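What the coordinates show
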There are 2 protein chains.
Amino acid sequence: MTALHARISGELADRIRSGEWPPGQRIPFEHELTAQYGCARATASKAVQALADAGLVERRRRAGTFVASPRIQTAVLEIPELKTEVRRRGQVYDYQQLARRVRPVNPLDPDEASLARSGDVVELRCRHFANERPLAVEDRLIHLGVAPAAATADFTTVPPGAWLLAHVAWSEAEHRIAAAAADADVAAALEVPTGTACLVLKRWTWREGKGVTFVRQRFAGEAFELVARFAPRSFDQGGHEGRPTPGMRSK
Amino acid sequence: MTALHARISGELADRIRSGEWPPGQRIPFEHELTAQYGCARATASKAVQALADAGLVERRRRAGTFVASPRIQTAVLEIPELKTEVRRRGQVYDYQQLARRVRPVNPLDPDEASLARSGDVVELRCRHFANERPLAVEDRLIHLGVAPAAATADFTTVPPGAWLLAHVAWSEAEHRIAAAAADADVAAALEVPTGTACLVLKRWTWREGKGVTFVRQRFAGEAFELVARFAPRSFDQGGHEGRPTPGMRSK
DNA sequence: AAGTGGTCTAGACCACAAA
DNA sequence: TTGTGGTCTAGACCACTTG
């Protein structure tokens, strides 16, 4: 049994996505929906508000609710935890710590300065493997002022990402994605020729506005892709065949 | 005046993000919130449901509502329309069509096959400029079965992305991001050496499950980054200084 | 079996923007 | 000024899950 407000949302969304109601078109008022569906206004309101939350419509007092213009440029990016993602693909995950040290923050490095301007960090370099082949090289900083337990944590067996997920509560993050040629060190770690094009994923994580960790992961060549899907939230019931699953995927 | 349900949501979210309520912690029942805030249950329900929609909590019948475990791996990716983004950065945008032809779909190309398995497409290659320097090379296919007007549209002055936004209603999209070395053609178009690491952004757009367009944009080197922000939806009121704005940015 | 969240109703008042 | 969306109330019934 599907809830009435969901049915109303779905039927309105269908009309919008089919083009029957083009962008700018006014959709029925709430009181019209209560008449059409024989429901209370709160139910109609919930249905329309869901469309507004999804970005499909815009609501204006006194004027009504209107079909919004498409904004394809926002998408949900699924940034997988490597261990989970590798196993989801049915491959063997492995992990190796290459280096570890504690040092003060270097405020001259712009990536580091975005994390914090002072204090000590644990600096790690490690590798992630899929089926015993190098998948990514990871450089990570963990701010000891925010996560002091990282000073004594053992990252030779536990990847820092997994450790942090278990030891740090809800947070915000920012990701930046770019391409860069592999330098000699990175190329050696990834076992590819120097100069190979790499996908570079950088992530900063904050907790209550204070930088917790910065991580830079490099993936060799076109071997891996980040996938982002856009679909109006909560209205993706109609799966389309022939399209791969979101996530990071190997070629 | 902030709505009561928003105040409740905010206060609950603060306790979660501060770590006062760690993942797995049960938060107050709805009936407890109605007592604490002196409101109706619908109001408390709306507040908690907003947290659930944002992914901060998980609700289980008969058990209660619990703080969710952080899932940093999902983020909202802002994929800018190039014309808009270049101008937002205060630069001069320019556009050039390099090639155009109409041909049948090639079902042997996996990128094309994800768009459609038959029918005719308009194939375009064009360049985007920022301050008269090449920013991106774009290869695009538009399926004439879904967008027949594209057969007669003039893409020598109007970028196909902008044209499609104006001529195609709400749609779904999937993005894939990878790195690749520039081949001779791409390198020439971007005015960089052959082999330069490029960020490759591919996007498929569907309308009612039918492929509308496929586009592949290549950006040279580390000159451009895609930015994705993660923050629980609707609870990002506390902006943090020192962090750049989302979007695509030049170095 | 009990109690939670999920849903819905039939009202109400208000702010605000459009006419 | 008018009518829309935004919000809220005080009930109610139900499904589901867990103890």
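Residue indices follow the written sequence of each chain, beginning from 1 at its first position. Chain A is the first chain written and ligand 1 is the first ligand written, with later ones labelled in order. Given that the model is predicted, a residue must reach a pLDDT of at least 70 before its local features are reported, and side-chain atom pairs must reach 80 or more before they are shown or counted; all residues, however, enter totals for whole chains, interfaces and linings. Excluded from the side-chain calculation are hydrogens and water; included are all heavy atoms of the structure.

1. A short note on the overall build of chain A
Only DSSP runs of H or I covering at least 4 residues are called helices, and only runs of E covering at least 2 are called strands; the numbering of each starts at the N terminus. Secondary structure summary: chain A contains seven helices and twelve strands in total. Accessibility here uses a 1.4 Å probe with only protein chains present; expressed as a share of the type maximum, an area under 20% marks a residue as buried, one over 50% as exposed, and anything in between as partly exposed. Considering chain A as a whole, with its 251 residues, one finds that 49% of them fall into the buried category. In what follows, residue pairs with any heavy atoms lying within 4.5 Å of each other are defined as contacts. For chain A, the proportion of contacts with a sequence separation of at least 24, taken over those separated by at least 6, is 60%. Of the roughly 11700 Å² that chain A leaves accessible, carbon and sulfur atoms contribute 48%. Calculation of accessible area relied on Shrake-Rupley with a 1.4 Å probe; when residues are assessed, cover is drawn exclusively from the protein chains displayed.

2. Focus on the side chain of A:Glu138
Residue and element names in this part refer to chain A. Tracing the backbone shows Glu 138 in strand β7 (residues 133–143). With a relative accessible area of 2%, Glu 138 lands in the buried category. Two N or O atoms count as a polar contact when they lie within 3.5 Å, although within protein this holds only if one can serve as hydrogen donor and the other as acceptor, and sequence-adjacent residues are included solely when both atoms are side-chain atoms. Polar contacts involving the side chain of Glu 138 include one to the side chain of His 128, which spans 2.6 Å. Those residues in contact with Glu 138 that sit more than four places away from it in its chain are Leu 124, Arg 125, Cys 126, His 128, Pro 160, Val 215, Arg 216 and Gln 217.

3. Considerations on the protein's contact with DNA strand C
By convention in this text, a residue qualifies as near a molecule or strand provided that one of its non-hydrogen atoms is within 4 Å of it. The environment of DNA strand C is formed by 23 residues, the closest being A:Leu4, A:Ala40, A:Thr43, B:Arg41 and B:Arg59. Expressed as a percentage, the sugar and phosphate content of the atoms of DNA strand C within 4 Å of the protein is 67%. The contact in question runs from a phosphate oxygen of DNA strand C to an N or O atom on the backbone of A:His5, over 3.4 Å. A:Arg41 is positioned such that a nitrogen or oxygen atom in its side chain is 3.2 Å from a base nitrogen of DNA strand C. For the surface near DNA strand C, the leading source of residues is helix α3 (residues 41–53) of chain A, giving four residues.

4. Regarding the sheet that holds strand β1 (residues 26–27) of chain B
All names here are of chain B. When DSSP finds two or more bridges between a pair of strands, those strands are recorded as paired. Ordered by their spatial adjacency, three strands build an open sheet running β1-β3-β2, and the pairing between neighbours is antiparallel. Sheet topology places β1 and β2 (57–60) at the edges, where each strand pairs with a single neighbour. One ladder, built from two bridges, connects β1 with strand β3 (residues 64–67); its direction is antiparallel. Residue pairing across strands places Arg 26 opposite Phe 66, the latter belonging to β3. In this fold helix α3 (residues 41–53) packs onto β1, β2 and β3, with an angle of close to 120° to the strand it touches most, β2. Convention adopted: a line fitted to C-alpha atoms gives each axis, helices being fitted over their contacting stretch, and angles between N-to-C directions are expressed from 0 to 180 degrees.

5. Some thoughts on the packing of aromatic side chains
The description of two aromatic rings rests on the distance between their centres and on the angle between their planes. Note on aromatic pairs: the rings of Phe, Tyr and Trp (six-membered ring only in Trp) are paired at centre separations within 6.5 Å, and the planes decide the class, stacked below 30 degrees, edge-to-face beyond 60, tilted for the rest. This model, assessed by the stated rule, comprises four aromatic pairs over all chains. Taking the centre distance of 5.0 Å and the plane angle of 35° together, the rings of A:Trp204 and A:Phe214 count as tilted. Placement of A:Trp204 in strand β9 (residues 197–207) and of A:Phe214 in strand β10 (residues 210–220) is noted, with a sequence separation of ten residues between them. A relative accessible area of 4% places A:Phe214 in the buried class. Taking 5.5 Å as the distance between ring centres and 80° as the angle between the ring planes, the aromatic pair formed by B:Phe155 and B:Trp163 counts as edge-to-face. On the basis of relative accessibility, which here comes to 1%, the residue B:Phe155 falls in the buried class. The ring of B:Phe29 is capped by B:Arg26, whose NZ or CZ atom sits 3.9 Å from the centre of that ring. Counted as over-ring charges are cases with an Arg CZ or a Lys NZ within 6 Å of the ring centre that also lie within 35 degrees of the ring normal. Directly above the aromatic system of B:Phe66 lies the positively charged group of B:Arg60, at a separation of 4.3 Å from the ring centroid.

6. Notes on the confidence of the model for chain A
Mean pLDDT over chain A works out to 85, with 88% of the residues at or above the 70 mark. As a per-residue quantity, pLDDT reports the predictor's confidence and falls between 0 and 100. Low confidence marks residues 233–251 of chain A, where pLDDT is under 50. Its contacts with residues over four positions away, or in another chain, come to 55 contacts.

7. Thoughts on the protein's contact with DNA strand D
In the vicinity of DNA strand D there are 24 residues, among which A:Arg41, A:Arg62, B:Leu4, B:Ala40 and B:Thr43 approach most closely. Protein-proximal atoms of DNA strand D, defined as those within 4 Å of the protein, fall in sugar or phosphate at a share of 64%. In this structure, a base nitrogen belonging to DNA strand D sits 2.7 Å away from a side-chain N or O atom of A:Arg41. At a separation of 2.4 Å, a phosphate oxygen of DNA strand D approaches a polar backbone atom of B:Leu4. Those elements that provide at least two residues to the surface near DNA strand D are α2 (30–37), α3 and β3 (64–67) of chain A together with α1 (4–17) and α3 of chain B. Here the residues of the surface near DNA strand D sort into seven nonpolar, eight polar and nine charged. Polarity classes work like this: nonpolar for Ala, Val, Leu, Ile, Met, Phe, Trp, Tyr, Cys and Pro, charged for Asp, Glu, Lys and Arg, and polar for all others, with Gly in that last group.

8. Some thoughts on unusual backbone geometry
Residues and elements named next belong to chain B. The phi dihedral of Arg 62 falls on the positive side, at around 70°, and the residue is not glycine. By the element assignment, Arg 62 lies in the loop between β2 and β3. For Arg 62, a relative accessible area of 87% translates into the label exposed. Of note, Glu 208 is a non-glycine position whose phi angle comes to about 55°, a positive value. Looking at where Glu 208 falls in the secondary structure, it is placed in the loop between β9 (197–207) and β10 (210–220).

9. Considering the sheet that holds strand β2 (residues 57–60) of chain A
Residue and element names in this part refer to chain A. The strand order across the open sheet formed by three strands is β1-β3-β2, and the pairing between neighbours is antiparallel. The sheet is open, and its two borders are formed by β1 (26–27) and β2, each paired with just one other strand. Pairing of β2 with β3, which is carried by four bridges, proceeds in the antiparallel orientation. Of the residues in β3, the one forming a bridge with Val 57 is Val 67.

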